[in-house]
Amino acid sequence: MLQTHKQQDIKLYAIDYVSPETIWQYGAKIPQIKQENNVYNFPFEAEFGVLSNDINPKDQAILFEKYTIKKIATYDLNESEPDSKQYKDRLINTYYYFTKK
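Just so you know, these numbers come straight off a predicted model, no measurement behind them.

**Some thoughts on the overall build of the chain**
- Scanning the chain from N- to C-terminus turns up 3 helices and 6 strands.
- A globule of 101 residues ought to have a C-alpha radius of gyration of about 13 Å, and the chain, at 14 Å, matches this closely.
- Here the C-alpha coordinates of the chain stretch approximately 40 × 35 × 20 Å along the principal axes.
- When the 101 residues of the chain are sorted by exposure, 33% land in the buried category.

As structure tokens, this is what we get:
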């Protein structure tokens with residue numbers, strides 16, 4: 001994923017929770033898009049990537065007002081099967097491509 005972003009010169013951000021394992025796998029720090037007083041502090045770029053474990057429906061409504069959002073891929077770092085006790089939802093992250101409207 002890091003190589004793709006470097007080639008396309010796309011900045012990657014995180015919304016909500018991204019597991020430490022995912023950040024380690026990515027190979028670099030991932031800046032967080034923070035929410036303060038129910039308002040997101042969006043980056044200045046018109047286009048950027050976002051990695052998130054889960055964006056709740058309330059936040060999706062806010063995001064869709066300002067951005068066109070395309071789901072690109074889901075990354076599952078689990079090594080066990082989904083029905084296993086070792087399977088952890090926190091290791092699943094979705095990559096989105098945001099374009100300012």
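Back to the write-up after that little detour.
**Notes on the packing of aromatic side chains**
- Throughout the structure, instances matching the rule amount to 6 aromatic pairs.
- Plain terms: the ring middles of F48 and Y67 are 5.4 Å apart, the flat faces sit at 75° to each other, and that makes the pair edge-to-face. Remark: Y67 occurs in strand β5 (residues 67–76) and F48 occurs in strand β4 (residues 47–52); sequence separation between them is 19 residues. Neither F48 nor Y67 differs from the other in exposure class; each is buried.
- Arranged with centres 5.5 Å apart and planes meeting at 55°, the rings of Y67 and F98 form a pair that is tilted. Separated by 31 residues along the polypeptide, Y67 in strand β5 and F98 in strand β6 (residues 92–100) bring together distant segments of the chain. A single burial state applies to Y67 and to F98, both of which are buried.
- An aromatic cluster is defined as three or more aromatic residues linked by ring pairs; in this entry it consists of Y13, Y40, F42, F48, Y67 and F98.

**Here we look at the nonpolar core**
- Counting residues in hydrophobic clusters, the biggest one holds 12 residues: Y13, I15, I33, Y40, F42, F48, V50, I55, L63, Y67, Y96 and F98.
- Elements with a minimum of two residues in this core: β4 and β6.
- Residues within four places of I33 in sequence aside, it is in contact with Y13, A14, I15, Y40, N41, F42, P43, F48 and V50.
- Counting residues in each nonpolar core, the second largest holds 9 residues, with I10, V18, L51 and Y95 among its members.

**So, the pattern of salt bridges**
- A complete count under the given rule lists 2 salt bridges for this structure.
- Here E21 ties to R90 by a salt bridge, and the two come within 2.7 Å at their closest N and O atoms. Of the two residues, E21 sits in helix α2 (residues 20–26) while R90 sits in the loop between β5 and β6, which places them 69 residues apart along the sequence.

**Topic: unusual backbone geometry**
- For D16, which is not glycine, the phi torsion reads 65° and is therefore positive.
- Relative to the helices and strands, D16 resides in the loop between β1 (12–14) and α2.
- Assessed through its relative accessible area of 32%, D16 is described here as partly exposed.

Analysis parameters
Residues numbered from 1 in each chain as written. Predicted model: local features only at pLDDT ≥ 70, side-chain atom pairs only at ≥ 80, totals over all residues. Heavy atoms only, no water. Helix = DSSP H or I, 4+ residues; strand = E, 2+ residues; numbered from the N terminus. Rg over C-alpha atoms; globule rule 2.2 N^0.38 Å. Buried < 20%, exposed > 50% of the residue type's maximum accessible area, 1.4 Å probe, protein only. Phe/Tyr/Trp six-rings, centres within 6.5 Å; stacked < 30°, edge-to-face > 60°. Core = buried A, V, L, I, M, F, W, Y, C linked by side-chain atoms within 4.5 Å. Contact = heavy atoms within 4.5 Å. Salt bridge = Lys/Arg side-chain N within 4 Å of Asp/Glu carboxyl O.

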